[in-house]
Structure formats: structure tokens, C-alpha cells
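Understanding the architecture of this molecule
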Amino acid sequence: MIRVHGFLGGISEALRADLATADLVVGGRRQLDDAGVLAAQRVELGALAPAIERLKALDDDKLAVVIASGDPGFFGILRPLRRAGLHCEVVPTITSLQAAFAAVALPWDDAQLVSAHSGGIEAAIRIAGVHPKVGVLTAPGKGLAQLVAALRGRDKHFVVAERLGEADERVRVFDEAAALTVDEDDLASPYVVLILDAAPESAEAVGHSPQLAGDPNAPGPDDPKPASNTRADGSDRAPIIGQVVNTTRARHQADQIDQALGVESKRYDGPASAGLVAAWGECDLIVSHLALGATTRLIAPLLADKHTDPGVVVVDEAGHFAVPLVGGHIGGANELARRIGEALDATAVVSTATDSLGIPALDQLGWAVSGDVAGVTAAIIDGAPVSVLREHLWPMPPLPGNVLVPAPGEPAAPGTVGRVVVTDRAAPTAGGASDDQLPTVVLHPDSLVVGMGCNKGTSVEALRELLDATLAGAGLAKESIAALVSVDAKAGELGLIKLADELGVPYVTYPADRLAEQDAPNPSAVVEREIGSGSVSEASVLARGAELIVEKHKSAEATCAIGRIPARGRLHVVGLGPGSRDLLTPRAANVVRHANLVVGYGPYVRQVRDLVSPHAEVMATKMGTEEQRTRAAIDAARSGLDVAFLSGGDPAIYAMASPTLEMGTDGVDVDIVPGVTAELAASAILGAPLGHDHATISLSDLHTDWELILKRVRAAAQGDFVITLYNPRSRSRIHQLPDALAIIAEYRGPDTPVASVSQAERAQQHVHMSSLADFQPEWVDMNTIVIVGSDTTTFATSGDGRRIIVTPRDYHWMDGAVSGHKRLNYPHGSRPRVSRAEFKGQAAPPAEAAQPPTTQSQVTPSQATQSRTTAAQPGSDVPTQENSHD
Ligand code: SAH
């Protein structure tokens, strides 16, 4: 019999009794001496192997005592003993770290505990870099001095606890400055170090117990956030990016990267080794501006695990290359390298096979994955036939031609050498996989919704048991659960909250009246009386929009039903912006990258061809086949594909979003991705012509009645809107633009700024700035947009000497402040008028006739201005001039 006693200082009664009868006592010399163990009985620890031999050799009826320092199960001797196959009885005690936290009266359930013996001091340094409360078991040469040096500048507090439990126990607290002065020789072994963000006596150091949301004891929204910034906390905060720089050029390059990425990275300037090590502890992503070799050497001792290590991208001094060194996928380095590549016009040197071949990584799809990922991925990379078997239309990323995706429910293609089974069933045999030897990866999509109701106070164990039984009965996979749902009355039910947390899914509740509306098959009258809906589990599944696949199961305390979220393809209607790559939004680019099918008018497809996966299908069509194109896109999404349907500019503005939605998109998830519309691109090129109210009108009368268009032009002219004209002219539509300008001219002066921008943000871009009187419709073609100023729009000169157009915002604070002028613009309505006839080049009519027609109910621009500037007073129904600062 072997009894392992924890030992921290004093000898317990139990240990004393065992020592009296023990045949063998194993322990460190210090412990054996303290316990007064005789030479004949003792086995002194240094090397472990001889001690284990002695223990193994001992007869079963004899007693061996092992004295462990601190608790035997905590970085202690229990593990090697058990590994050696020895049967032990354990008498626990507290660990030295527990004692150290107790000595400074700090809770330690939120601390990270590290042993310098096993993980090395580097692990302790790295963890202390990101965690506010860390306890370290030190080892010879791996102690306070190393910790303090590595964490210098981080303003940490150090608790040094020596010889805990002994008569000469000593606990001291140092801030960084004081810790730096501690003499190594003055430390009595053994000792532990606590590394804290806050001084132990401060309220902040108390921290938060890592409890679940909804737990009455959990921190409320007003409680200070824990200081930890690690994303291991499960938060979805933006990643912290650090840049390690040590030359002027690198600093400049780092600025450029920040600017292009729209981030404020942490800078690690100065000695490279210290900077990189510090960044390793503090950042999710690191951009190293050191050489690849130097970076590799520096991070080598820090590497732990691809799931927790930061992603590192190395950028060379000339900014030609961005190399993801580690953490390509999970760490996000590949993605960061690509973005840096775009920002610096550098090449992203991505070497993970799946990325370089444009093949999706099976473990990066966001779905639970198991099976032979390496084997199946290798087969895909080799171009061997691999089948993807889906029971439902779960969207898959673009896949190379050797990956065959039969229709849902169909078997694998003949000759298949590997298989990806996409299923929410538990057994991998589901979905067509049989028990042959084919390498198989099983992916569990997030497709199941679990609805539960329960009595107040039902334990998480009881709920888990019911859920497990229900899943098992239906053969469904726990990994596919996407949400736990219930009724609002259960929003604070701790067991359900804990269960959702265990499952790693959101816990969502619905109002009882919403549940009452659902057509649940097994309602209960008792529940109806109690909460106002006859069903909780089934109804909440239905309220989530899922299809009920497992009806209500009951235990004594709870109910459980399961639904499946309908699997659908996705149709993204994407705006590509005016043309240049940097005005393509990152969201639009992402959608294009991940689409299985890209549909669009030829020039739009060409605009983003390089982003499209080599494994995606492309359907570029000619103009005029909009209806076919739209139908094809919707049909493809219905068949389960992820479709990017492209529009120039913004998809809703005279483009494909409305016809798509009008055509009907049943059975498809629709996602409209906005783009920079031509009007905004042109406005920016011209200055700020859209600085005040504006109207956009398409002059295309192919689908809109021309009279209606004219009516809108007139109304906008009359309302003194800046007017943007889309589709102003084509080879066959010549008269529309002059007609529209003539109407506008009835309300605006001949010198009103009018500009056209053709091919905005493309290589062929050209601009004409003119006035209403001089504007030439010949400047305009179908790739042009025309902007007509309002009564206040004016020309100005920008700092670089360019002529620009500005429509004033009418800020009060601008009065008298602009270049000594009272105002930059004309007062509303004071511009000289010109008649329609005059605009068309006919003789000027008499002055009265030049007035725009007015009726009783109409307010002309000049009347409106008068009321605004002279008659506005509180209580009148004329709008007063607001001093808006938006
Ligand atoms: N969805 C597009 C508009 C489609 S209507 C958008 O939001 O921009 C087509 C009209 O848009 C063209 O006749 C032209 O008036 C305008 N247009 C589109 N792209 C343009 C560009 N790059 N430069 C100038 N005008 C453009």
C-alpha cells in the first residue's frame, strides 16, 4: 500500500501515524529530515526512477509513505507514480500557490497557475503578459529575477512567498521597481511568485470569479471589466495587433500598415528580442519587421500550441513581402499577410498548402470536425477524387474539381478515395459513410436548435442528462447544436444558462405570447396556465425558425425538443463600388472570395476576377440579360450554393437588388452587401457637391415612364435639391439629358455648377466642370454621372489649386469665417434666372415670364428663402434655421 501525503510545512496527525508504521518513506531530503525519518526507511528523492523501483518492489501488505511537496496532485509526484502504474492513496493538502494567495487574501479561482519546472519560465512570462493574475512555481534559475526582467515595463506587482508552512515562512510584496532590486541570494528556497496587474490589497486585484452569464453572482454590466485581454476569454473583441520595429523605415512601414488596416497597433520599438517576446504575450497578431531568421529564432522558445499562439507575419524592410510565419489559419496570420499585401502592394507569401492552392481547410469551416483531416486534405491536394456527402443543403466553400458534391442524400461517387461527411447525426455512418476503410472527415454543421423547459432550480446535470438522452434517442450530434432556446420566464434559469455555456452556444428566450402562436404538436394545459403558452420546448424551437425533428421528451423536471434550421444556399447581392480596388469594401471582397458561383455582367466580373476562388464557377453575362442572370443566381442559391451576384456601385441603386428580391427568393438566405455608389465616388472627385439635401434621378426611360421622370426632375428642381442624374445618356437615349437640364434651368441660374464624371475611379476617369448654361450633353455617355448644383452650390479652389464644387452645409459658424467673405455661397434664391426657352438657345423672354410657375400651394425657392431669413420666429410654422453640427 502506497499512501501519498501532501506536505506543506507542518506534519499532520495522519502523516505522523503513517510514519510510525511505514516500511518505506519516500521524499525530499528536507521533508524526510523534518519528519525525522530513519536512514533504513528512507528513500531520498532526487532521481525518481530508483524510488519507483523501490516502491514497485514493496510487498502489498507493507506500507510506503510518499511525502509530496504541497499537494501531490498539483504539479506533483502523483502523476509519475500513476504513470508508472502504481496504486496510490492520496492525502491531499493545499498547494504552495494556494497558500501564497491566502497570505495576501486574494481569491485564486480566476488565476492562471504555471510551473517553471514543467512549462519553463517562458510559459509563465507569456501568460503573465496577458493575464492579470498568475501564480508561478519557481525552479532553480527560473525564478523572480527572470520574471521581473522579462516583464519589465509592464508595471506588475510581485508577491514572493518563501518556505510556506515552515517556521521561517516569509511573504513579501514588491512593485516593479522594488522587485528589480531583490537580490537572488536573499531568496530562501522553495518559493513561489504571484504576478499581479494590481497591488494585492487593491479592489481590482480581487478580480471576478469566472462564473456564467446569468449567474446572480456573476459580474453585472456595471462591474469593472477584468483586466485580461486574452481572447482565450472567448470574447469577440477585435484582435490586438502588435508591430515589432527597430528601424526608421520599419516604423514608417508600420504606420502605413496601421493606416491601411484602420487599426492602432501596439508598437514594440527598441531591442528586437525584448520587443518580440513582449508582443508575444500581449498580442493576438504580431507584425515583425525583423528578418525572417531573427524572428524565427526569437519566437522558437515561445511556441506552444497553434490554438493559443499569436499569429506572426514578417514584413521585409523593403515592404515587398508579407510572410505568415506561424498561426496561418487559427492565428489569423494568413489573412493579415493578405491585408498587408494589399496595403503595401506587397506579395503575401502564404505557404499553408490549402491556402496556396485555394483549397478550404476542413478544420477552418467553423464546424466541428473529426476524423482523418490530414488524410482527406492530402487526397484533395493530390487531386484524387473525394466526395462530399451532405444530407441537407449546407453551403460548402468553393472546392476543386476533384471534390465531388453529389446532391443531398446521394452516395459517394465511384472511385472516391476520401470522403467528407457533413451531417448533424452522431454516427459517422450517417450520410452514406459505411464502415469501409475510406479516409473520412466528419463535419457537424451548426444546424440544430434545442428547446428546453424546466422546473425552477433544475440542475444542469439533470438538464444535460435529458438532453443527452434525447440526442441519443434521435442519433443526433451534440456538436451540431447551434442554440439553446426557451421561454422568457426561464431567462434567468441557471441550469439552462450553464448548459448553454457548456455547449458553447447562445441561450435565447422568447416571450410566452410568441410561443403561444406556434403550432406545437404536444401542448400541455398545466404549462399553458402557468406561463401562457401550452408549449415551451417545441414552441421555442419553432419560434427560432427551425423545423421540429424531435418532439418533446420529458423527464421529471424538464422537457426537451430538437429542431433543425433549414439548410439553405446563400445569395449575396454585392455592390462592387465604382471600379477601383480600394473602394471595394472588405465585406464585398470576402463575399466574392468565398462564393461557389459568381454571377454578373462581364465588366463587373472582370473587376474582381482575381478574388474569385479558382474553384468557383463564374457566370459572366452580357448586358440586357438581367432577367436570366437574376434567375440563374437565385436558382443556384436554391440548389445550396453560396452565390455572389455582382452589381457595380451599390446593388440597390438602379441595380440588381430590387429585381432579385422582387423575383422571389424563397428557400434562400439573402444578403445585400452595400457598395460605394457612383454618386458618392463622383461627389468626392468633384469636392463636396452633395454637402446638402440632394436627389438622385435615373434618366433611363427604358423601364420608367418619361413623364414621371420629368415630374421628378421638376419637383427636385423646385425643391432646390442638388440633383444627381444616373443613366443620363446612351447612344439611343439622347434627348433625356438636355430636357432634364432645361427643366432644372427654369429654377436655377445659368451659372449654377454642373459637372459630369465619366468612368469614376477607373483608369479612364474624366471630369467636366461647367455651368448650367455651358454644359455640353456630348460630354456624357452611359458611364457618366451628372451632378447639378442647388441654388447655393458654388465653385471653390482646394488647397492644391484644384477647382472644386461645394454645396455649403449652412453652418452658422461658417458665417464670415471663410476667406473674409460673409458667405461662400449665394443666398438662396438670389441667383439670376434664365428661362427654359433661353436655356435652349432661344431669345430671352420678358422678365415676368422668366419666373417659374407657382401655384397657391407651391413655395418657390425665393419665397422659402425669404421666410427663412426674415420671417422665421418661434411659433411660426416656417422652419427656423437650425444650428446643426452633425
Ligand atoms: N449601381 C450603380 C448604378 C447603376 S446605374 C451604382 O450604385 O453606382 C448605371 C449608371 O451609374 C451609369 O449610367 C452612370 O450614370 C452611373 N455610374 C456607375 N458607375 C459609374 C462610374 N464609375 N463613373 C461614373 N458613373 C457611373
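Residues numbered from 1 in each chain as written. Predicted model: local features only at pLDDT ≥ 70, side-chain atom pairs only at ≥ 80, totals over all residues. Heavy atoms only, no water.

An unreviewed UniProt entry annotates the protein as Precorrin methylase (Precorrin-3B C17-methyltransferase) CbiE/G/H fusion protein originating from Propionibacterium freudenreichii subsp. shermanii. Quoted verbatim from the Pathway (unreviewed entry) field of the UniProt record, the comment on the protein reads "Cofactor biosynthesis; adenosylcobalamin biosynthesis." (UniProt positions renumbered as here; feature names shortened; annotations may be inferred.)

What follows is about the confidence of the model for the protein. Keep in mind that low pLDDT regions are not for reading the predicted coordinates in detail. This prediction gives the protein a mean pLDDT of 85; 87% of its residues lie at or above 70. Note that pLDDT drops below 50 for residues 211-236; the model gives that stretch 30 contacts with residues more than four away or on any other chain. Throughout residues 843-886 the model reports pLDDT below 50, and contacts reaching past four residues in sequence, or to other chains, amount to 38 contacts. (pLDDT = per-residue confidence, 0-100. Contact = heavy atoms within 4.5 Å.)

Our next topic: the sheet that holds strand β6 (residues 112-115). Reading across from one edge, β6-β7-β10-β8-β9 is the order of the five strands in this open sheet, with mixed pairing throughout. Strands at the two margins of the open sheet, each flanked by one partner only, are β6 and β9 (170-175). Across the sheet, the axes of successive neighbouring strands diverge by a mean angle of 20 degrees, strand direction being ignored. Where strand β8 (residues 157-162) and β9 come together, six bridges link them in antiparallel fashion. Across the sheet, V160 pairs through a bridge with R172, a residue of β9. In the packing of helix α5 (residues 96-103) onto the sheet, contacts are made with β6, β7 (133-137), β8, β9 and β10 (191-196), and the angle to β10 comes to roughly 55 degrees. Taken strand by strand, helix α6 (residues 120-130) contacts β6, β7 and β10, and its axis lies near 160 degrees from that of β6. (Pairing = 2+ DSSP bridges. Helix = DSSP H or I, 4+ residues; strand = E, 2+ residues; numbered from the N terminus. Axes fitted to C-alpha atoms, helices over the stretch in contact; angles between N-to-C directions.)

So, on to the side chain of N596. The topology assignment puts N596 in the loop between α21 (586-594) and β28 (597-601). Reaching out from N596, the side chain makes a polar contact with the backbone nitrogen of D642 at a distance of 2.6 Å. Look past the residues within four positions of N596 in its chain and what remains in contact with it is M396, P397, P398, A616, E617, L641 and D642. (Polar contact = N/O pair within 3.5 Å; in protein donor to acceptor, adjacent residues only side chain to side chain.)

So, about the sheet that holds strand β3 (residues 42-44). If you walk across this open sheet you meet the five strands as β3-β2-β4-β1-β5, and the pairing is parallel. Two strands close off the open sheet at either side, each with one partner strand: β3 and β5 (88-91). For this sheet the average axis-to-axis angle between neighbouring strands, irrespective of direction, equals 20 degrees. Of the pairings in the sheet, the one linking strand β2 (residues 24-27) to β3 comprises three bridges and is parallel in character.

A few words now on the pattern of salt bridges. Under the counting rule described, the total for this entry stands at 33 salt bridges. R42 serves as the salt-bridge partner of D33, at 3.0 Å between the closest nitrogen and oxygen. The exposure class assigned to D33 is partly exposed, which follows from its relative accessible area of 43%. Connected via shared salt-bridge partners are R29, D33, R42 and E44. (Salt bridge = Lys/Arg side-chain N within 4 Å of Asp/Glu carboxyl O. Buried < 20%, exposed > 50% of the residue type's maximum accessible area, 1.4 Å probe, protein only.)

Taken together, 20 residues lie near the ligand, and I653, T677, A760, M782 and T784 sit nearest. Here the ligand has 530 Å² of accessible area as a free molecule, and 92% of this is covered by the chains. For the shell around the ligand, a count of residues per class yields 11 nonpolar, seven polar and two charged. (Near = heavy atom within 4 Å. Areas by Shrake-Rupley, 256 points an atom, 1.4 Å probe, with all protein chains shown as cover. Nonpolar A, V, L, I, M, F, W, Y, C, P; charged D, E, K, R; others polar.)

This part is about helix α27 (residues 736-745). Owing to its 3.6 residues per turn, the α-helix aligns residues three or four sequence positions apart on the same side. Counting buried positions over the 10 residues of α27 gives nine, a clear majority of the element. Q736, L737, D739, A740, L741, A742, I743, I744 and A745 are the residues of α27 that are buried.

Let us look at the nonpolar core. In terms of nonpolar packing, the biggest core is built from 24 residues, with L699 and V788 touching the most fellow members. Sorting the residues of this core by element identifies β33 (694-698), α26 (706-718), β34 (722-726), α27 and β37 (784-788) as the ones contributing at least two each. Not counting chain neighbours up to four residues away, the residues in contact with L699 comprise W706, I709, V713, L725, Y726, N727, P728, R733, Q736, L737 and A740. With 23 residues, the next largest nonpolar core counts V114, A124, A128 and Y191 among its residues. (Core = buried A, V, L, I, M, F, W, Y, C linked by side-chain atoms within 4.5 Å.)

The subject of this paragraph is the environment of V460. Note that V460 resides in helix α16 (residues 460-474). A relative accessible area of 9% places V460 in the buried class. Here the alpha-carbon distance between V460 and E502, two residues 42 residues apart in the chain, equals 9.5 Å. Once residues lying within four places of it in the same chain are set aside, the contact partners of V460 are G495, K498, L499 and E502.

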